[in-house]
Amino acid sequence: MTIRLAKRVNLAVPSAMSGLYPTNLGADAIAFAAGQPKEQCFPTAEMKRAIDQAMSQGGQHLFQYHDVLGDPELRAQLAARIARTGGVSATQDNVVLTVGGQQGLEVIAKTVLNPGDDVIVEGPCYFGALGAFDLCEPTYHTVPLQADGVDLDQLEATLKQYPETKLFYTVPDYQNPTGVTMSVAKRQRLVALANQYDFVILEDSPYRDLGYTGTPLPTIKHFDTQGRVVFLSSFSKILVPGLRVGWLVADGDLLAGIQKMLLASNLGAASVVQAALANYMKENDLDAHLANLRTHYREQHDAMLEAIQKYVPDAVTVTHPTGGFYYWVTLPQGVDTTAVLANIAAPQAHVTYIPSANFYPQHDVHNGLRLSYSGVTSAQIDVGMRRLGRVLETAIKRAQPVPEVKL
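This report concerns the structure included in the present document. These figures come from a predicted structure and were not determined experimentally.

Helix and strand counts for the protein come out as 11 helices and 14 strands. Computed over C-alpha atoms, the radius of gyration of the protein comes to 22 Å, within 12% of the 22 Å expected from 2.2 N^0.38 for 407 residues, which places it in the range of a compact globule. Referenced to the eigenvectors of the C-alpha coordinate spread, the extents of the protein come out at roughly 85 × 55 × 50 Å. For the protein, the residues scored as buried account for 53% of the 407 residues in total. Considering only intrachain contacts with a sequence separation of at least 6, the fraction spanning at least 24 residues in the protein is 75%. Here the protein displays about 18200 Å² of accessible surface, and carbon together with sulfur accounts for 52% of that area.

Here is the structure:
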C-alpha cells in the first residue's frame, strides 16, 4: 500500500540533516561531526537551583497553559541583553521564545515563504536551516562566502537576476560551518540591499557570545530601518541544549506573522523551562559563565589549529575562525568527502566530520568538510587529526589524475 504524503516530504530526497553522525564506530572513535557543547561546561548545579526555584515559586499555575510568546520576564531579560550587546532597540513585546533555534527557523520560513519563492543562502550554509526551509519548497540560490562574510557583489548580482527574492539567510557571527564573521561594513550594506530589493534577512546568531578576541560586532538587526531583519538565537550553545529554548526578535508584520504561525505549532509556551531560565538569568552572572566558556573553547580552538598545522596535507586550505565551534576544510577538486567519510574515515580511521555536500541546497559541492572542536578534548583532537590527516592525504593522492605516459 502506498500512502499519499505531502509533496514537501519527498522521501526519495534525503533530509539535509539525515545521516550526519555515523554510529557504531568503536570505543576509540573521535567525533568532529556534531557541533555540541562540552557537557563539563554545563552550569548543572545553577540550573537545578533555578528549576527548583521556578517550581516552588510558580506552584500549580506554573504547569498551566501560558502565553505562546513565552515567559514575560525572560523575554524582558533577553530584550535588555540584546540592546546591550547587539545594539537592538527592543522590548519584551518584540521577543518571541521558541523550542530551540530550529523551531525559530521553521516558523520564520513558514511565515515568509510560499512554494517556489526565491531564497538566497550562503555557500556553505547551515544544514539545519536548509532542513527547515526545504519543507516550504523554495527555489534556492547560493552566494559564496569570503573571509569577511558573504560576497555582496555576487549577492547583488543574484538579486538583479531574481528580483522577487523573499529571504536571505545568514549566520554572520562565527558562521556554521565555516567560522567566518561578517564585517560591519557588509552588515550595513546588506540591510541597504534588503531595503532596495524588498527581502527579509534572517540573522541566525547562536555563537555571537563565543568570540575569542575583542567584543561582538553590532548585529545586522542593529542597522535595520524597515523591520526587515529577524534576529534569531538560542541558549543551546551558551547554557544547555537539553532545555530547548531559542528566541527571536522581530517587528511589525513579520512579528505578527510569526506569532500566528507559532500559535499553530505550540498553542502554549514551555512555561517550566522558561521560568527556570528567567531565574537563572536573574540569580547568576551569565557574562561570567560566557567568559569561562570562551576560555575553554579557545583552548579547543587552538588545539585544533595546532593539529591542523601538524597533520593536514599542504594541498588543503582551512578557514581561520576567531570564535564559535568550527573549522572549514577545502580539499582539491576531485576529492569526494562524503565517500571518504563512508569508506575510509569512519570505518577505518574511526574519525568523523560532516561532508560539504550537506551544507549546500543542491548537494553539489563535494570537496569540503566541517570540523567541530567543541565536544572533544585537546588530546582527542591531536589523535583524531593525526588519523584524519592520513586519510585526507590518501584521498588526495587517489583523486589525482594518473599522468599520461607516452610510449
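So, on to the packing of helix α2 (residues 72–86) against helix α8 (residues 271–283). Running from N to C, α2 and α8 point in directions that differ by 45°, and their axes come no closer than 8 Å. By the criterion of interaxial angle, the relationship of α2 to α8 is oblique. The two elements α2 and α8 cross, and the hand of that crossing is left-handed. Contact residues: α2 offers Glu 73, Leu 74, Gln 77 and Leu 78, while α8 offers Gln 274, Leu 277, Ala 278, Met 281 and Lys 282. Its residues assigned to classes, the contact of α2 with α8 shows five nonpolar, two polar and two charged.

Bringing helix α6 (residues 184–197) into the picture now. Since the α-helix advances by 3.6 residues per turn, residues separated by three or four positions end up pointing in the same direction. Under the 1.5 Å per step criterion, the end-to-end length of α6 is 20 Å for 14 residues, consistent within 8% with the ideal 20 Å. Taken as a whole, α6 has its buried residues at Lys 186, Arg 187, Leu 190, Val 191, Leu 193, Ala 194 and Tyr 197. Looking down the long axis of α6, one finds its buried residues gathered within 160° of arc, a one-sided arrangement. Facing away from the buried side of α6, by more than 90 degrees, are the exposed residues Ala 185 and Gln 196. The inward-facing, buried residues of α6 abut β4 (139–146), β5 (149–150), α5 (152–161), β6 (167–170), β7 (200–204) and β8 (229–234). Phi for Asp 198, located one or two positions after α6, is positive at around 60°.

Residue placement: Lys 186 occurs in helix α6. For the pair Lys 186 and Ala 399, spaced 213 residues apart in sequence, the C-alpha to C-alpha distance is 37 Å. In contact with Lys 186, other than residues within four places in its own chain, are Gln 146, Asp 148, Gly 149, Val 150, Asp 151 and Leu 152. Looking at Lys 186, its side chain comes within polar contact range of the main-chain oxygen of Gly 149, at 3.4 Å.

All right, on to the nonpolar core then. Counting residues in each nonpolar core, the largest one holds 63 residues, and the members touching the most others are Phe 32, Phe 235, Trp 247, Met 304, Leu 371, Ile 381 and Met 385. With eight residues, the top contributor of residues to this core is helix α9 (residues 286–311). When near neighbours in sequence (up to four residues on either side) are disregarded, Ile 381 contacts Phe 32, Gln 300, Ala 303, Met 304, Ala 307, Tyr 373 and Val 376. Ranked by size, the runner-up nonpolar core spans 38 residues in total, among them Ala 33, Val 68, Ala 132 and Leu 254.

Let's shift gears to the packing of aromatic side chains. We describe a pair of aromatic rings using the distance from one ring centre to the other and the angle between the two ring planes. Counted by the stated rule, this structure contains 10 aromatic pairs. The interplanar angle of 55° and the centroid separation of 5.6 Å between the aromatic rings of Phe 231 and Trp 247 together place this pair among those described as tilted. Pair noted here: Phe 231 is in strand β8 and Trp 247 is in strand β9 (residues 246–249), with a separation of 16 residues, a long-range link. You can call Phe 231 buried: its relative accessible area is 1%.

The next subject is empty space enclosed by the protein. To find the voids left in a structure, one rolls a probe of water-molecule size over its atoms. Applying the stated criterion across every chain, the model contains one cavity of 30 Å³ or more. In terms of lining, the largest cavity is formed by 17 residues, of which the most central are Arg 81, Asp 209, Ser 233, Ile 238 and Trp 247. At the level of elements, α2 and β8 are the ones that each hand at least two residues to the lining of the largest cavity. Ranked by residue count, the leading element in the lining of the largest cavity is α2, at four residues. Classifying every residue of the lining of the largest cavity gives 10 nonpolar, four polar and three charged.

Among the five residues of strand β14 (residues 368–372), five are classified as buried, and the element is accordingly described as predominantly covered. Burial along β14 is two-sided: the face carrying Gly 368, Arg 370 and Ser 372 and the face carrying Leu 369 and Leu 371 are both buried. Here strand β11 (residues 326–330) pairs with β14 via five bridges, running antiparallel. Its bridge partner lying in β14, Val 329 is registered against Leu 369.

With respect to the secondary-structure elements, Asp 224 resides in the loop between β7 and β8. Engagement of the side chain of Asp 224 in a polar contact is seen with the side chain of Lys 221, the distance being 3.0 Å. Within the structure, the side chain of Asp 224 is placed 3.1 Å from the backbone nitrogen of Gly 227, a separation counted as a polar contact. Contacts of Asp 224, omitting those with residues within four sequence positions, involve Val 191, Val 229 and Asp 251.

Okay, the sheet that holds β9 next. The strand order across the open sheet formed by eight strands is β2-β9-β8-β7-β6-β3-β4-β5, and the pairing between neighbours is mixed. What marks the edges here is a single partner per strand, and that holds for β2 (95–98) and β5. Bridging between strand β3 (residues 118–123) and β6 involves three bridges; their strand directions are parallel. Paired with Ile 120 across the bridge in β6 is Phe 168. Packing against the sheet, helix α3 (residues 100–112) makes contact with β2, β6, β7, β8 and β9, and its axis sits at approximately 160° to β8. With respect to the sheet, helix α7 (residues 252–265) is in contact with β2, β7, β8 and β9, its orientation differing from that of β2 by roughly 30°.

Cut-offs used in this document
- Residues numbered from 1 in each chain as written.
- Predicted model: local features only at pLDDT ≥ 70, side-chain atom pairs only at ≥ 80, totals over all residues.
- Heavy atoms only, no water.
- Helix = DSSP H or I, 4+ residues; strand = E, 2+ residues; numbered from the N terminus.
- Rg over C-alpha atoms; globule rule 2.2 N^0.38 Å.
- Buried < 20%, exposed > 50% of the residue type's maximum accessible area, 1.4 Å probe, protein only.
- Contact = heavy atoms within 4.5 Å.
- Areas by Shrake-Rupley, 256 points an atom, 1.4 Å probe, with all protein chains shown as cover.
- Axes fitted to C-alpha atoms, helices over the stretch in contact; angles between N-to-C directions.
- Parallel < 35°, antiparallel > 145°, perpendicular 65-115°, else oblique.
- Left-handed = near helix turned anticlockwise from the far one by under 90°.
- Nonpolar A, V, L, I, M, F, W, Y, C, P; charged D, E, K, R; others polar.
- Expected span 1.5 Å × (residues − 1).
- Arc of directions from axis to C-beta.
- Polar contact = N/O pair within 3.5 Å; in protein donor to acceptor, adjacent residues only side chain to side chain.
- Core = buried A, V, L, I, M, F, W, Y, C linked by side-chain atoms within 4.5 Å.
- Phe/Tyr/Trp six-rings, centres within 6.5 Å; stacked < 30°, edge-to-face > 60°.
- 1 Å grid on protein atoms, 1.4 Å probe; cavity = no way out; pocket = protein on both sides within 12 Å on 5 of 7 lines; lining within 4 Å.
- Points joined across faces, edges and corners; volume = space filled by probe spheres on them.
- Pairing = 2+ DSSP bridges.

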